[in-house]
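What the coordinates show
So the chains spell out like this:
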Amino acid sequence: MPTNVSPELYTRVQQFYARQMQALDDCRFKEYAATFTPDGSFQHSPDAEPAITPEGIVAELENFHRRFDNDPVQRRHWFNHIDLEMCADGSIRSTVYALVVTVRPNSKPEIAPSCVVHDVLIDEDGAVAARSRLVTHDQIR
Amino acid sequence: MPTNVSPELYTRVQQFYARQMQALDDCRFKEYAATFTPDGSFQHSPDAEPAITPEGIVAELENFHRRFDNDPVQRRHWFNHIDLEMCADGSIRSTVYALVVTVRPNSKPEIAPSCVVHDVLIDEDGAVAARSRLVTHDQIR
Amino acid sequence: MPTNVSPELYTRVQQFYARQMQALDDCRFKEYAATFTPDGSFQHSPDAEPAITPEGIVAELENFHRRFDNDPVQRRHWFNHIDLEMCADGSIRSTVYALVVTVRPNSKPEIAPSCVVHDVLIDEDGAVAARSRLVTHDQIR
């Protein structure tokens, strides 16, 4: 299987995802939203309305996380099998497995749902950003 | 710990596994089998007969997956800790952790079994292929 | 998000963790301890006393693993989202998610605890070593 993905790009995307998801799981939503392009789109499930622009993404995350206001929870988004494909317009299609690990006091970690992350990334001047993200859920396919 | 594995090879193997396992989990068996060499061998547990050649691997996978014919299941093979070792003949020994995530409607994902994938890979003209794969299972060691 | 982490370093760290954790899970404690610097420090939870020097790390691991003497268990430490940050003194701060998969006969794998690994790594002459490791646990934050 030949591939035209350079090691520079592949590791940059891995580092990008590591920092992006650690920001999300630490509830640093502005930092998460800043990993999207100014017109970036984030759709955390196929039947959700996409959140547009970093400001819109922050608002969506703050709204979503209200459900955890009285719930002392630590979430960890795990990624696996980053498959990159170069597109004709210079963007990068990225297809990645995801599992959400949820930890609450005095109970075992829950590992659900199982998802697939469908990103369009751009890589300019050595910096990766997400132009769009759609997350599909295995449970509801 | 010195290592003589180049970033080109390491990322190529990561990209290879990502595409290979996404093909398997989408039941694109011909695409999975095409990631093996023409004389490639695939043994999904130590007491199974190895499937040989891409045609034999497709037949084995079709046979194995008949058990899911009336079972709406989405499987996801997760990999971790890819350890590569260059061999004297130019091939690459790859030892990788694996977990199988199984999702069925109206239930939580099951995460089992825990396995170790023992591959011999070749890397020719920038393309990785599997010469052999043996999967051992932690549960039955 | 710009980053000054080279693909050489990023893949070297991935290969380092793969070999280090496979050594730990195979109970090759001397090999695990040898991945630390001569003055290296390993603290497997915030309220544990750090083990210092490779000899001290081996002693700590042998002591910890006595609990498994009559318990036929296979543990697998999974890592995810390796975030590297270059420090002014040339060392590398590495922040990584970890999950411990525990397999016992006739039961399903347990996946717990969920942790974050906080490493300070050094990279000299193409070889990575750990100067310090602190593991925090999500359950007891």
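As a starting point, this report considers the structure included with it. (Residues numbered from 1 in each chain as written. Chains lettered and ligands numbered in written order. Predicted model: local features only at pLDDT ≥ 70, side-chain atom pairs only at ≥ 80, totals over all residues. Heavy atoms only, no water.)

Let us look at the sheet that holds strand β4 (residues 92-103) of chain B. Residue and element names in this part refer to chain B. Here we have six strands laid out as an open sheet, ordered β2-β1-β6-β5-β4-β3, and mixed in their pairing. At either margin of the open sheet sits one strand with a lone partner, and together these are β2 (51-52) and β3 (74-86). Taken together, the eleven bridges between β3 and β4 define a ladder with antiparallel strand orientation. Residue pairing for β4: F79 is matched across the bridge by A98. Here helix α1 (residues 7-25) sits on the sheet in contact with β1 (36-43), β3, β4, β5 (110-124) and β6 (127-137), set at roughly 155 degrees to β3. (Pairing = 2+ DSSP bridges. Helix = DSSP H or I, 4+ residues; strand = E, 2+ residues; numbered from the N terminus. Contact = heavy atoms within 4.5 Å. Axes fitted to C-alpha atoms, helices over the stretch in contact; angles between N-to-C directions.)

What we call a disulfide is simply a covalent bond connecting the sulfur atoms of a pair of cysteines. Under the counting rule described, the total for this entry stands at zero disulfides over all chains. Cysteine C115(A) remains unbridged, with the sulfur of C27(A) as its closest cysteine sulfur at 17 Å. (Disulfide = S-S within 2.5 Å.)

With that out of the way, let us pick up helix α3 (residues 53-65) of chain C. Along an α-helix, residues three or four apart share an orientation, since each turn contains 3.6 residues. All names here are of chain C. The first and last C-alpha atoms of α3 sit 18 Å apart over 13 residues, in line with the 18 Å expected at 1.5 Å per residue. Those residues of α3 not exposed but buried are P54, I57, V58, L61, F64 and H65. Taken around the axis of α3, the buried residues stretch over an arc of 130 degrees, which confines them to a single face. Residues of α3 that are buried make contact with α1 (7-25), α2 (29-33), β1 (36-43), β2 (51-52) and β3 (74-86). (Expected span 1.5 Å × (residues − 1). Buried < 20%, exposed > 50% of the residue type's maximum accessible area, 1.4 Å probe, protein only. Arc of directions from axis to C-beta.)

Another aspect to go through is the pattern of salt bridges. Taken as a whole and assessed by the stated rule, the structure comprises 27 salt bridges over all chains. When the shortest N-O distance is used, the salt bridge between D89(B) and R131(B) registers 3.7 Å. Linking D89(B) in the loop between β3 and β4 with R131(B) in strand β6, this pair joins segments that are 42 residues apart in sequence. Note on D89(B): relative accessible area 55%, which makes it exposed. Judged by relative accessible area, R131(B) falls into the partly exposed class, the value being 33%. Counted as one network, the salt bridges with shared partners bring together D26(A), R28(A) and E31(A). (Salt bridge = Lys/Arg side-chain N within 4 Å of Asp/Glu carboxyl O.)

Here we come to the relation of the copies chain C and chain B. Rotating chain C by 120 degrees and translating it 0.0 Å along the rotation axis places it on chain B, where the RMSD comes to 0.0 Å. Interpreted geometrically, this transformation is the action of a three-fold axis. Among all residues of chain C, the minimum C-alpha distance to the rotation axis is found for P7(C), at 3.5 Å. When the interface residues of chain C are mapped onto chain B, a mere 20% of them again lie at the interface, so each copy presents a different face. (Least-squares fit on C-alpha atoms with pLDDT ≥ 70 in both.)

With 30 residues of chain C at the interface, the matching set in chain B holds 29 residues. Around 2,500 Å² of area is buried between chain C and chain B when both sides are counted, 57% of it from carbon and sulfur atoms. It is R19(C), Q22(C) and W78(C) that lose the most area in chain C upon contact with chain B, and together they represent 27% of the buried surface on that side. There are three salt bridges connecting chain C and chain B. Between R76(C) and D138(B) there is a salt bridge, and its shortest N-O distance comes to 2.6 Å. (Buried area = accessible area lost by both parts, 1.4 Å probe.)

Moving on, we get to the sheet that holds strand β5 (residues 110-124) of chain A. Residues and elements named next belong to chain A. Strand order in the open sheet formed by six strands is β2-β1-β6-β5-β4-β3, and the pairing between neighbours is mixed. Each having just a single partner strand, β2 (51-52) and β3 (74-86) make up the two edges of the open sheet. Bridge count between strand β1 (residues 36-43) and β2: two bridges; the pairing is antiparallel. Within β2, the position partnered with F42 by the bridge is A51. Across the sheet, helix α1 (residues 7-25) lies against β1, β3, β4 (92-103), β5 and β6 (127-137), angled at about 155 degrees from β3, the strand it touches most.

Residues and elements named next belong to chain B. Structurally, R133 is set in strand β6. Separated by 36 residues in the primary sequence, R133 and Y97 have C-alpha atoms spaced 13 Å apart. Leave out the neighbours within four places in its chain, and R133 touches Y17, Q20, M21, Y32, F36, S41, F42, Q43, F79, V117, H118 and D119. Polar side-chain contacts of R133 include one of 2.8 Å to the side chain of Q20. (Polar contact = N/O pair within 3.5 Å; in protein donor to acceptor, adjacent residues only side chain to side chain.)

With that out of the way, let us pick up the layout of surface pockets. All names here are of chain C. Of the voids in this model, the largest pocket is the one considered here, and its volume is about 640 Å³. Looking at the largest pocket, it is lined by 28 residues, and the ones nearest its centre are F64, R75, V100, P113 and H137. Residue assignment for the lining of the largest pocket shows that the elements contributing at least two residues are α1, α3, β3, β4 (92-103), β5 (110-124) and β6 (127-137). Tallying contributions element by element places β5 first for the lining of the largest pocket, with five residues. In terms of residue class, the lining of the largest pocket is made up of 16 nonpolar, seven polar and five charged. (1 Å grid on protein atoms, 1.4 Å probe; cavity = no way out; pocket = protein on both sides within 12 Å on 5 of 7 lines; lining within 4 Å. Points joined across faces, edges and corners; volume = space filled by probe spheres on them. Nonpolar A, V, L, I, M, F, W, Y, C, P; charged D, E, K, R; others polar.)

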